[in-house]
Amino acid sequence: MTEPAGGAPLLTDQQPPRGTVTAGDGARATSPAAPRPRRRPTDWRKRLEIMLLAGPAIVVFVGFVILPVVLAGYYGFFRWKGFGPATDFVGFQNYMIIFADSAFHDVLRHNGFILVLSLVLQGPIAIVLALLLNRKIRGRSLIRVLIFVPYIISEVIVGIGWGLMLQTSGSVNGLLENIGLGAFQRDWLSDPSIAIWSLMVIISWKYIGFAVILFLAGLQSIPDELYEAAAIDGASYWQTQRSITLPLLGPTVRIWAFLSIIGSLQLFDLVFIIWGQYVASTAGTSTMATYMVANGRTSGNFGYGSAVAVVMFLISLVIALIYQRFVLSRDTAGALTEGKK
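Residues numbered from 1 in each chain as written. Predicted model: local features only at pLDDT ≥ 70, side-chain atom pairs only at ≥ 80, totals over all residues. Heavy atoms only, no water.

A. Quick peek at helix H3 (residues 102-133). When the terminal C-alpha atoms of H3 are compared, their 45 Å separation across 32 residues agrees well with the 46 Å that a helix rising 1.5 Å per residue should span. The N-capping residue of H3, defined by a side-chain oxygen 3.1 Å from the backbone nitrogen of Ala 103, is Asp 101. (Helix = DSSP H or I, 4+ residues; strand = E, 2+ residues; numbered from the N terminus. Expected span 1.5 Å × (residues − 1). Polar contact = N/O pair within 3.5 Å; in protein donor to acceptor, adjacent residues only side chain to side chain.)

B. The environment of Leu 132, seen in detail. By the secondary structure assignment, Leu 132 is in helix H3. Along the primary structure Leu 132 and Leu 216 are separated by 84 residues, whereas in three dimensions their C-alpha atoms are 9.8 Å apart.

C. How the structure looks around the packing of helix H2 (residues 93-100) against H3. The geometry of H2 relative to H3 is characterised by a closest axis approach of 5 Å and an angle of 65° between their N-to-C directions. Residues Ile 98, Phe 99 and Ala 100 of H2 lie in contact with H3, whose contacting residues are Ser 102, Phe 104 and His 105. (Axes fitted to C-alpha atoms, helices over the stretch in contact; angles between N-to-C directions. Contact = heavy atoms within 4.5 Å.)

D. Looking closely at the packing of aromatic side chains. Applying the stated rule across the entire model yields 21 aromatic pairs. With a centroid separation of 5.4 Å and an interplanar angle of 75°, the aromatic rings of Phe 78 and Phe 89 are classed as edge-to-face. Taken as a pair, Phe 78 in the loop between helix H1 (41-75) and H2 and Phe 89 in the loop between H1 and H2 lie far apart in primary sequence, eleven residues in all. Residue Phe 89 is classed as exposed on the basis of its relative accessible area, which comes to 55%. An angle of 70° between the planes, with centres 5.7 Å apart, marks the rings of Trp 162 and Trp 205 as edge-to-face. (Phe/Tyr/Trp six-rings, centres within 6.5 Å; stacked < 30°, edge-to-face > 60°. Buried < 20%, exposed > 50% of the residue type's maximum accessible area, 1.4 Å probe, protein only.)

E. Up close: the environment of Gly 303. Along the polypeptide, Gly 303 turns up in helix H13 (residues 302-326). Its relative accessible area of 0% is what places Gly 303 among the buried residues. Sequence spacing of Gly 303 and Asn 94 is 209 residues, and the spatial spacing of their C-alpha atoms is 7.7 Å. Contact partners of Gly 303, with chain neighbours within four places excluded, come to Tyr 75, Gly 76, Phe 78, Trp 80 and Asn 94.

F. Representation of the side chain of Thr 245 in the model. In this structure, Thr 245 sits in helix H9 (residues 237-265). Given the relative accessible area of 0%, Thr 245 is considered buried. If near-sequence neighbours (up to four positions away) are discounted, Thr 245 is found in contact with Leu 131, Leu 219, Ile 222, Tyr 227 and Thr 240.

G. Here's a closer look at the nonpolar core. Ile 98, Phe 104, Phe 215 and Leu 219 are the most contacted members of the largest nonpolar core, which has 37 residues in total. Contributions of two or more residues to this core are made by H2, H3, helix H7 (192-220), H9, helix H12 (288-297) and H13. Ranked by the residues each element gives to this core, the list is headed by H3, at eight residues. Not counting residues up to four positions away in its chain, the partners in contact with Phe 215 are Gly 123, Ala 126, Ile 127, Ala 130, Leu 249, Thr 252, Val 253 and Trp 256. Listed in part, the 22 residues of the second largest apolar core include Leu 117, Trp 162, Ala 195 and Ile 274. (Core = buried A, V, L, I, M, F, W, Y, C linked by side-chain atoms within 4.5 Å.)

H. Spatial organisation of the confidence of the model for the protein. Looking at the protein, pLDDT values average 85 and 85% of them are 70 or higher. Counted against residues more than four places away or in other chains, residues 21-29, with its pLDDT under 50, gives four contacts. (pLDDT = per-residue confidence, 0-100.)

I. Structural context of the side chain of Asn 173. In this fold, Asn 173 is placed in helix H6 (residues 171-178). If we skip the residues at most four places from it in the chain, Asn 173 touches Gln 167, Thr 168, Gln 185, Arg 186 and Trp 188.

So, in structure tokens, the structure goes:
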């Protein structure tokens, strides 16, 4: 310690200030503990608000989706008639019968055919219609409504209407006869070589409006500056669509394809209404869903029907996971960036 001229002591670096506790004084130097942040009342309010809003949806999802899947998996191991406790345990016998049944092989081929044809037929037609309706033409709004109307019509009405028109004495054969094309009259619903194509026409007419509206929404998100730049560079209309529209419309097309695949695997209502559960198998239009109803509920073997439902669920789940991993991953990779930061 040194003293300045005024006589007051001057502290140096070698000596700590007065009142400071050091290790040499026999005490341990400690820092005051940081106070814990108090939980704000708004946190509880947010949690309560989330529970009130999401709670009913979670209860409905668990009760009508998760629980039926679990119960189907349970009853699939029994020979059960749909009432009373399930006591006749058969293990994997139901599943072995499913995969050994030639009728199930047929419905798998039918579902695969419907899946592929839905993508091949509906996709290109919907894209062309969306490009056409995206341009400024007279009556564009009315045409959009007319294309979308079949999608919002009930499947029961669609099935009954088309079933009446396509029967042997229906309006389609009557029209062909009136215009002199009677040689083209067919049994559109019962002939196995034609019935599946009749189903594809009905499906395309019913669901193509949804694809058109979805693609139109995707086209609206493409900036106009890109088209203006392409026009300045001298690109033609088709070059612009190939180089700008289709690549930027890709995410929307992939989402639509995913929905179409899942819908094709679970197709039931139109086939059941038009052909019924027995005629569908002879006409070549039966699906996994109609097979499940015919061999489960109608036959009184609900255990076997539950096993078929489990197989349908697993097939759809595997295809959905593969599609998401190899197709949709390019769309979700840019959105999920939190884990990469």
